[in-house]
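Inside the fold
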Amino acid sequence: MGRKLLTEHINVEGINTFEVYRKHGGYRSVEKALKTMTPDEVVEEVKKSGLRGRGGAGFPTGMKWSFLAKPEGVPRYLVCNADESEPGTFKDRQLMSKLPHLLIEGMITSSYALGANTSYIYIRGELLYVLRILEKAIAEAYAAGFLGKNILGSGYDLDLHVHPGGGAYICGEETALLESLEGKRGNPRNKPPFPAVQGLYARPTVVNNVESIAAVPVIVNEGGDEYAKIGVGRSTGTKLISACGHLNKPGIYEIELGLPVEEFIYSDEYCGGIWKGRELKAVVAGGSSVPILPKELILKTAAGENRLMTYESLSDGGFVTGTMLGSGGFIAMDETTCIVRNTWNFSRFYHHESCGQCSPCREGTGWMEKVLHRLEHGHGHMEDIDLLVSVAKQIEGNTICPLGEAAAWPVAAAVRHFRHEFEWHVTHAKEAAQPGAVYRTNAVLA
Amino acid sequence: MAKITFDGVEVEVPDGTTILNAARQIGGSIVPPAMCYYTPLKGSGGKCRACLVRVAAGSAKDPRPMPKLVASCVTPVQDGMVVENTTSEQVLNVRKGIVEMLLINHPLDCPVCDQAGECDLQNFAFEHGVSTTRYQEERRTFEKIDIGPLIQLHMTRCILCYRCVYTANQITDNRVHGVLGRGDAAEIGTYIENIIDNDFSGNVIDVCPVGALTDKTFRFKSRVWFTKPVNAHRDCPKCSGNVVLWYKGKDVLRTTARKDQYGEVKEWICNECRFEKKETSDWIIEGPAHIDRSSVISANHYELPVLNQSVVADLPESTQRDLEKNPPLKLGS
């Protein structure tokens, strides 16, 4: 069993209240940072820890913090991105609803490190009940003197606000999030300028994922070097993985990075294998937008090495034979899953969630969905398969924000690894159009 | 000052200039097309992706190429930057893809569209696109919205460049229209049936690159290439009063603001000048307006059309000889 840094006390009764959380060692990092460390020392610890952004891109958090512009007399902001809406990812929701004070503690310590006196938690609109939990916890923290003016007599002030979005996936993109937080339509901004220079209200801003911020108290308490000892290579620390799909034990697991994927799927400590004794067919390893991989490639890399749950190992082989760790939304699919239908479902999501600002994404996501709909329902042609790849290529890399790529990658990867299934949907159109029809190697219906 | 190399041509521009504006200083056929960027409008650009270029070297300090194509209209230059536009195969291919994307839901009703002939999308598709489509599905349609007696909204033709939204935001007060909905269901609208009623509202017609916003007083009156543009001005208490009148015979069919060679309005005009003053006697005529673009609207005027030099090379030799004998006239030459 790996170490649990974030979720150690998650099942303690009343851990969402200030007293119980404090009793279990909560807010130690705030005391340590504010009383014994300078902001730069906190940043240095985070840098040493090798913590990488847990929202999906995996950018080193310490480096992101050091990029923050610090002009004199201009306020800076820390914004926590709690707009978790990637299909398959549900780790932040659990973390916030069970351990609201961990996030608040992380926000205080991180804001101190960055010199921000006002910080925001931008939470997804659908998570209203979590918003209430957070607001209650923030009120408790204010009452206990951990928020507000002159925290713990250190002279440092911090105001923390929770702000709900309207429930748009696109507002998880950091600049769209900032636009939405400013009260505008959630359209991603053109970059440059980057948020570190001109972010919220055109002030220097850092946007971090919930899990990244929740890891900061641990790093401050234990020291960056200690944290960096967990994990493999440049993937340090622990990561929350939200496992779902055809697993015996789906749920949220905190794993030490470096865990073999095979162990994660089949060991009883984690997901406990595929349900109903079926065979694994494919895995989407990091939320719906990362490329899907067939069983052979998710367990072993193309070179035959064991695949590990790390940023590097999962992306081994690029997009030809690899994928990404992403946000940790682990979706397992058994042999009865129709990949075409699944891809259609994903692309329907991106079609619905595209903001419509730039043309390749606005038009392309809808186009891909329509072609996939056609294929799935038995009206496809062989040319449609190449058309899908071509449209995906026209979107990828040509859009303002990464939603274009997020929409294009799953489609391109599904065709790359499961082209025979798409072809089967054309050659066996009638069978494929029936509900629940699935391609098997011997082409029988499920 | 920053020195950049654009398609092999060196140009020196002030710091903070965008790549597109640097290219416009060079001019000619290497200038990337722009469907949403509009110099007079703050914040415009970056949306249509027509102006994507490849940055082969980021700057003199960091000469690595940029990993993705960048929108030239919103990316500032860096000293020592090397940019490829027409010299990059990748850029031209991506641009083809952008044309395709913009056209898959466009109704292609050019034969009945008032914008035809001065339509940016038409020019863009003609110059950079392919002549067939791979799109089989039904094209997107919208419910009709009436936005008032002066401006006609055809949402099906819209490419969501946001120019009209910025215009209404920046030159008028109380903007009542904006973009509603998201993804490919996003549309220009007034939310609750509302008319756009503002002294400068007519300018949204001029900034629209396609036929989504057209002049109701000019609707179906004539194809633009049958009308003759004439510069005129009047003493207007609200605006500069500098306009172009579009004549057919003795009648003023339409009034627009004056535009530069990239189709950008030089001076905004008011609705009174645009919609109400349709008599020659209302105006002081300055003379024929010169159209500085290769387009059908520059044909059939008092001067020969301005020709795109890259097109001239493809013309039959006899035509080329004729052109040499009778070169296109410039106004005042």
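Residues numbered from 1 in each chain as written. Chains lettered and ligands numbered in written order. Predicted model: local features only at pLDDT ≥ 70, side-chain atom pairs only at ≥ 80, totals over all residues.

Selection rule: UniProt positions are given in the numbering used here, feature names are shortened, and annotations may be inferred rather than shown by experiment.
In the nomenclature of an unreviewed UniProt entry, chain B is known as NADH-quinone oxidoreductase subunit G of Hymenobacter luteus. The UniProt entry for chain B carries the following text under Sequence similarities (unreviewed entry): "Belongs to the complex I 75 kDa subunit family." Per its UniProt entry, chain B bears the Subcellular location (unreviewed entry) comment "Membrane".

Going by the annotation in an unreviewed UniProt entry, the name recorded for chain A is NADH-quinone oxidoreductase subunit F, with Hymenobacter luteus given as the source organism. According to its UniProt record, chain A has this under Function (unreviewed entry): "NDH-1 shuttles electrons from NADH, via FMN and iron-sulfur (Fe-S) centers, to quinones in the respiratory chain." Of chain A, the UniProt comment under Catalytic activity (unreviewed entry) reads exactly: "a quinone + NADH + 5 H(+)(in) = a quinol + NAD(+) + 4 H(+)(out)".

1. Considerations on the interface of chain A and chain B
Put simply, the rule is: We call two residues in contact when their backbone-placed C-beta atoms lie within 7 Å. Runs of E in the DSSP output that reach at least two residues are strands. Runs of H or I that reach at least four are helices, and both are numbered from the N terminus. Residue type decides the class: Asp, Glu, Lys and Arg count as charged, Ala, Val, Leu, Ile, Met, Phe, Trp, Tyr, Cys and Pro as nonpolar, and the leftover types, Gly among them, as polar.
Opposite the 24 residues of chain A that make contact, chain B presents 26 residues. Of all the secondary-structure elements, those providing two or more residues to the side of chain A that touches chain B are α15 (339–353), α16 (359–376) and α17 (382–395) of chain A. Ranked by residue count, the leading element in the side of chain A that touches chain B is α16(A), at nine residues. Class assignment for the residues of the side of chain A that touches chain B results in six nonpolar, 13 polar and five charged.

2. Remarks on unusual backbone geometry
Residue and element names in this part refer to chain A. Cis geometry marks the peptide bond from Lys-191 to Pro-192, where omega comes out at -5°. Here Pro-192 is to be found in the loop between α8 (174–181) and β4 (205–209). Between Pro-192 and the following residue, Pro-193, the backbone shows a cis peptide bond with an omega angle of 0°. Residue placement: Pro-193 occurs in the loop between α8 and β4. Even without a glycine there, the phi angle at Asn-150 is positive, about 50°. Within the element layout of this structure, Asn-150 appears in the loop between α7 (128–143) and β3 (159–164). Despite not being glycine, Ala-202 shows a phi value in the positive range, around 60°. Relative to the elements of secondary structure, Ala-202 occurs in the loop between α8 and β4.

3. With respect to the domain arrangement of chain A
Residue and element names in this part refer to chain A. What counts, and what does not: Delimitation of the domains relies on an automatic or database domain assignment.
Domain boundaries in chain A define domain 1 (18–229), domain 2 (232–334) and domain 3 (339–432). Computed from C-alpha coordinates alone, the two centres of domain 1 and domain 2 are separated by 27 Å. Each partner contributes residues to the interface: domain 1 has 20 residues there, and domain 2 has 21 residues. Secondary structure elements with two or more residues in the side of domain 1 that touches domain 2: α5 (91–98), α9 (210–222) and α10 (224–228). Looking at which element gives the most residues to the side of domain 1 that touches domain 2, the answer is α5, with three residues. Here the residues of the side of domain 1 that touches domain 2 are counted per class, giving seven nonpolar, eight polar and five charged.

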